[in-house]
Amino acid sequence: MKLTLPWLKEHLDTDADVETIAKKLTDLGLEVEGVVDPGAALEGFQVAEIVEAARHPQADRLWALKVRSVDGIHSVVCGAPNVRQGLRGILARPGLVIPASGEALTKATIRGVPSEGMMCSWRELKLGDDHDGIIDLPGAPEVGTPAVAALGIEGPVIELKVTPDRADCFGINGIARDLAAAGLGILKQRDFAPVAPETDAAVRTEFDFQPGNERACPLFVSRVIRSVKNGPSPAWLARRLTAIGLRPISALVDITNYLTFDLDRPLHVFDANKLRGHLRLREAVEGETLEGLDGKVHRLAPGMTVICDDSGVISLAGVVGGVSTSCDETTTDVVLEVALFDPLRTAETGRRLGIDSDARARFERGVDPALVLPSTEFATRLIQQLCGGRAGPVQTTGVVPDSRPRIQFHTAQIVRLAGISLERDEIETGLRQLGFEIEGGPDLYDITVPSWRHDVSTEACIVEEVTRLHGYDQIPPVSVTKMSAVAPPVVTPEQRRRSDVRRQAAARGLLEAVTWSFMPEGQARRFGAEQPILLRNPIHADLAAMRPSILPNLLQAVRRNVDRGLRSGGMFELGPRFMEAAPGQQRWSCAGLRFGELRGRHWADPARNVDLFDVKADVLALLTTAGAKIETAQISTDAPGWFHPGRSGRVRLGPQVLASFGEMHPAILAEAGIEVPVVAFEFDLDTLPKPRTKAGRNKGTLAASPFQAVDRDFAFVVAEDVTVEALLKAVRQAEKQLVREVSVFDVYRGPSLGADRKSVAISVRLQSQDRTLDEAAIEAASQRIVASVVKATGAALRS
Amino acid sequence: MTLDVGSLRDQALAAIGDAADLRALDEVRISFLGKKGAVTGLLKQLGSMDGDARKEAGRQINELKDRIELSLAERKAALQAAALEARLLAERVDVTLPVREEQQGRIHPVSQVTEEIIAIFAEMGFAVAEGPDIEDDFHNFEALNLPKEHPARQMHDTFYLEAEQNGAPLLLRTHTSPVQIRTMLAGKPPFRIIAPGRTYRVDSDMTHTPMFHQVEGLLIDRRTHMGHLKGCLIDFVRAYFESDRIPVRFRPSYFPFTEPSAEMDIGCKRGHGELVVGEGSDWLEILGCGMVHPKVLRAVNLDPDEWQGFAFGMGIDRVAMLKYGIPDLRTFFEADLRWLKHYGFMPLDVPTMAAGLSR
């Protein structure tokens, strides 16, 4: 919403300057987004007259002028082609800053002739592109008139962000009322006195709504005005509309736009001679069309309110007028329409047809029903002033609705909700100036809400009204303190666990990413969603499905990074993945990957690509951080299909899957356009065993053995399909008391072993809790270990 | 017999002095003190002596032996020192060589700032609540005083799912406010929660992304008013920006779920494509807030004449950008490794009020 200071002052008698007004507007909740004063740069520029225009003695193309200002006669050198004696234009005196150049004018001597000023062009004043010559003011304005007045500059333009509840402030009158109530002036009213009819010309209007649809248009007022003369608007009106960003069209059209902003009162004028028969309001029929004033042909549908004559639809009520009955320079008789249209239908119609008109913006928020008849008179008067004509009688169809809510307001609510107490006088004066009718008091008021305030319905609303007039800055802040001196934790164990996992992942060298919750539908299917959760209105086809896994988004990020030349790295994300289209059917998931080289070429070590054991280490560390007992976990080889089937695994606790890890499937990488190796992991946090909450803080006593530990190496030859996990399990089970640690230090394959066989070399640390192991005991334990492994895996001890 | 102890000593000491390394020294030791060594040979002769002569000879031989052993030890120490010296010289490396590469992980600014916000509100007794990203019409709109036809719904630019529930399409939450509703429906007052999380709107341009992060705040009890709202948020802003001098301003505004409503601005300075928080004469909106609307309280079965309080909603990404000078919201979600490294936080930088929010 834009307005100008002079326009505002037609509704508000005030001496306040634009800064004061702007600050007050913001304090009232009408946030000022900007104030632009095109005249501010013209301070000091004045009208002056060329009293003598002679050719410059030294230069063919220049003039040596004598210019009269209020201070006397000045010598001015000028190169403009339109110089003539008697011309009145705008003189800049030395010291003034020329708006176009931003530089101060200085006295100069040009080829021997002194120049004590400059006659300005429109472009030099930044008021237009016209640079064909100096400004030549029509109508001989008085010498010394400030440029702002002489040039007809409207004045400072204020741009407001009006919140959608404040329908009334889509009119300058409403804005003025708020300022007056806040003590910044006195509200003035437009001339709403009835204009006496001079003709009985009228157009009949009938409502033709299905029962139950009467709300579409409760009130329709029309008035015929005969013998008008349409043409360009006067300068003041054109200037005013231009200042707020509207294009002047013709006086009749400009008047309707003027009232839209002046009184928040959209209205319409039909060319009476283009109407066929009488007016009828009804719901649109499927397939009807209207060529709108917005230059488009709209296909109408039921639910939309239309105005028709015998020719069919001529206007889309409250949204846009039609071309067939529009006014132009030949118009002589008009029908003025002032009506109430249902906000919801107006909004829906505008939305469906994609029409964002000033009329729609106002009708959908609700206009003032009580202003329909007064504004009809004001509009009539304005039309007559600018276009002449004889008015007919006001024709009213329907009734002026009065649905003003009444509120029982307890004054105590102010201190209860706002934390301040206000004097009776302040409460009553403020509310009355805003247009509220109040009775009773001082503890309980019976308040009637003004017809233009559709946003006020509760006591809390009244508290807001009196508080914003008083000023939010006047409310003393009170700190909120916690309820006990040493507060209990405020994050849940699950939240804490997520934070810990994040920080552990980062500590392991992975960069935390945050990517979209969405992805392409195809990706969602590829990564496990049998029925992807689809958006009706995605912003892009690539963002159409809720992600069932975080990995595809990270893979896309890998591709982008590789494209930028970052060919190795690691990242992770901890966020939601979505299981089903229902609230709560989502899980906290953590996915991570490493790609390219784990280590680049280095003087000390050879370069190495990432491999699946890098991410296996990551996922085991993160699961440990999350509190999972991974010592008892098993690895299975049934990871989801987006992993390499032979180079991936799952971490399990019995039947429960904790995590998946491995190399990405080459086909997935090819689809993603990634040409570097990628290894990845993913797991859900919600399905891990719950972190411990209470008790059990005691760590138990450390039982470190004081006796000597011994290490024994074994090499077993086993079939290729025997897992090392099975072999190690057999070792541990053989000597549960003595085996402290088992490590694998070599896996060898070679022709000497035979096909499909491998040698696994392990080191076993044996230690007793209660004695030093002697040779016999060690030997006995070794034999039990070998026997157990042989039995469990069919291994042979390698000789 | 006479013992030529003196000359043997001279021989031994000379040989020890000539020994060039530990091995040669050991040979010297063996040649004098070994089983077949010269000194050992002398000792063997003692058996054929008697009386005082034997005593005297034994004394002299032992003296000689001690002298040689001492010399050997000294020489051994010297040779060892020299050998170590030589080894150290040989082992010298260029310590200016670069170390082995280590991956440096970082925490995303959204996670970090969320934890900062949690730490501050924890000081004021707010617990952390959560809710689903996929929401229904009731929790996201209806219960928040945004009935079906409410014009303000248009401001929300909602993503709708194909899937429906109770005849209405499910949606992606447009704000974290539905967590208020879920919290109040699930528990008993008083309430004091913040709810950080992902939020979604159909919006994508220079300053908007279809997904962003918000934190909701809710305080409901029998006495909390707008003074508390102001106090709480002023305390928050000063703690978050780690400055007691941040200018703040509360403006009346409009949200369907609060009445009275306000927006909070902080002072800033704009210019040269930069924005400095906490100084200058411009204002920057950082959050919306207000007293919880009586209709919202009724929607969660609370009596608005008994219970009251405030709610607020703030953009996490936005305050992260402001505090840490991150220029472009869109870059938050691009997972550019260089960006993550530059704007990310060290894993051990856990924000706490005791140790300071940020370094």
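Residues numbered from 1 in each chain as written. Chains lettered and ligands numbered in written order. Predicted model: local features only at pLDDT ≥ 70, side-chain atom pairs only at ≥ 80, totals over all residues.

Trainee: Help me get a handle on the overall build of chain A, residues and values and all.
Mentor: Broken down by element type, chain A carries 19 helices and 44 strands. For a compact globule of 799 residues, the expected C-alpha radius of gyration is about 28 Å, and chain A comes in at 42 Å, more than 25% above that figure. Burial status across chain A gives 42% buried among its 799 residues. For chain A, restricting intrachain contacts to residue pairs at least 6 apart in sequence, the fraction spanning at least 24 positions comes to 68%. (Helix = DSSP H or I, 4+ residues; strand = E, 2+ residues; numbered from the N terminus. Rg over C-alpha atoms; globule rule 2.2 N^0.38 Å. Buried ≥ 20, exposed ≤ 12 C-beta atoms within 10 Å, placed from the backbone. Contact = placed C-beta atoms within 7 Å.)

Trainee: How would you explain helix 2 (residues 22–33) of chain B if you had to name every residue and give the values?
Mentor: Residue and element names in this part refer to chain B. Over its 12 residues, helix 2 runs 16 Å from end to end, which matches the ideal 16 Å to within 8%, given 1.5 Å per residue. Within helix 2, burial applies to Leu25, Val28, Arg29 and Phe32. In a view along the axis of helix 2, the buried residues occupy a sector of 100 degrees, so they form one face of it. Against the buried residues of helix 2 lie helix 1 (5–18), helix 3 (38–45) and helix 4 (51–91). (Expected span 1.5 Å × (residues − 1). Arc of directions from axis to C-beta.)

Trainee: If you had to explain the pairing of strand 42 (residues 739–748) of chain A to someone new, which residues and values would you point to?
Mentor: Residues and elements named next belong to chain A. Sparse coverage of strand 42 is indicated by the burial of zero of its 10 residues. Two strands pair when backbone bridges link them, and strand 42 and strand 43 (residues 757–766) are joined in this way by eight bridges, in the antiparallel orientation. Its bridge partner being in strand 43, Glu741 is matched across the sheet by Arg765. (Pairing = 2+ DSSP bridges.)

Trainee: Help me get a handle on the sheet that holds strand 1 (residues 2–4) of chain A, residues and values and all.
Mentor: The strands making up a sheet are joined through hydrogen bonds of the backbone, oriented either antiparallel or parallel. All names here are of chain A. Taking strand neighbours across the sheet as the criterion, the three strands line up as 1-13-3 in an open arrangement whose pairing is antiparallel. Strands with a single pairing partner mark the edges of an open sheet, and in this sheet they are strand 1 and strand 3 (31–36). With strand direction ignored, the average angle separating the axes of adjacent strands in the sheet is 25 degrees. Of the strands in this sheet, strand 3 and strand 13 (157–161) are in contact with helix 2 (residues 18–28), which crosses strand 3 at around 160 degrees. (Axes fitted to C-alpha atoms, helices over the stretch in contact; angles between N-to-C directions.)

Trainee: Tell me about the confidence of the model for chain B, residues and numbers included.
Mentor: On average, residues of chain B score 92 in pLDDT, and 98% of them reach the 70 mark or higher. We note a pTM of 0.88 for the whole complex and an ipTM of 0.89 for its interfaces. (pLDDT = per-residue confidence, 0-100.)

Trainee: Please set out the nonpolar core residue by residue, giving values where relevant.
Mentor: Residue and element names in this part refer to chain A. Counting residues in each nonpolar core, the largest one holds 163 residues, and the members touching the most others are Leu554, Met571 and Val678. Apart from the residues within four sequence positions on either side, Leu554 is in contact with Ala513, Thr515, Met571, Glu573, Ala591 and Leu593. Residues Phe170, Ala272, Ile307 and Ala359 belong to the second largest nonpolar core, which totals 79 residues. (Core = buried A, V, L, I, M, F, W, Y, C linked by C-beta atoms within 7 Å.)

Trainee: Can you lay out the interface of chain A and chain B for me, pointing to particular residues and giving the numbers?
Mentor: Facing 81 residues of chain A, the contacting portion of chain B comprises 74 residues. Listing elements by their share of the side of chain A that touches chain B, those giving two or more residues are helix 2, helix 7 (343–353), helix 10 (412–418), helix 12 (459–470), helix 13 (493–507), strand 30 (511–512), helix 15 (551–563) and strand 33 (569–578) of chain A. With seven residues, the top contributor of residues to the side of chain A that touches chain B is helix 13 of chain A. Of the residues assigned to the side of chain A that touches chain B, the class counts are 42 nonpolar, 22 polar and 17 charged. (Nonpolar A, V, L, I, M, F, W, Y, C, P; charged D, E, K, R; others polar.)

Trainee: Outline the packing of helix 5 (residues 109–123) of chain B against helix 11 (residues 316–324) of chain B, supporting the account with residue identities and numerical values.
Mentor: Residues and elements named next belong to chain B. One can describe the packing of helix 5 onto helix 11 by two numbers: an axis separation of 9 Å at closest approach and a directional angle of 95 degrees. Comparing the axis directions of helix 5 and helix 11 gives the class roughly perpendicular. Along the contact surface, helix 5 presents Pro109, Val110, Val113, Thr114 and Ile117, while helix 11 presents Ile316, Asp317, Val319, Ala320 and Tyr324. Residue composition of the contact of helix 5 with helix 11, grouped by class: eight nonpolar, one polar and one charged. (Parallel < 35°, antiparallel > 145°, perpendicular 65-115°, else oblique.)

Trainee: Can you lay out the environment of A:Ala100 for me, pointing to particular residues and giving the numbers?
Mentor: Residue and element names in this part refer to chain A. With respect to the element layout, Ala100 can be found in the loop between strand 8 (97–98) and strand 9 (103–104). On the basis of neighbour count, Ala100 is assigned to the partly exposed category, with 16 C-beta atoms found within 10 Å. Those residues in contact with Ala100 that sit more than four places away from it in its chain are Arg123, Glu124 and Lys126.

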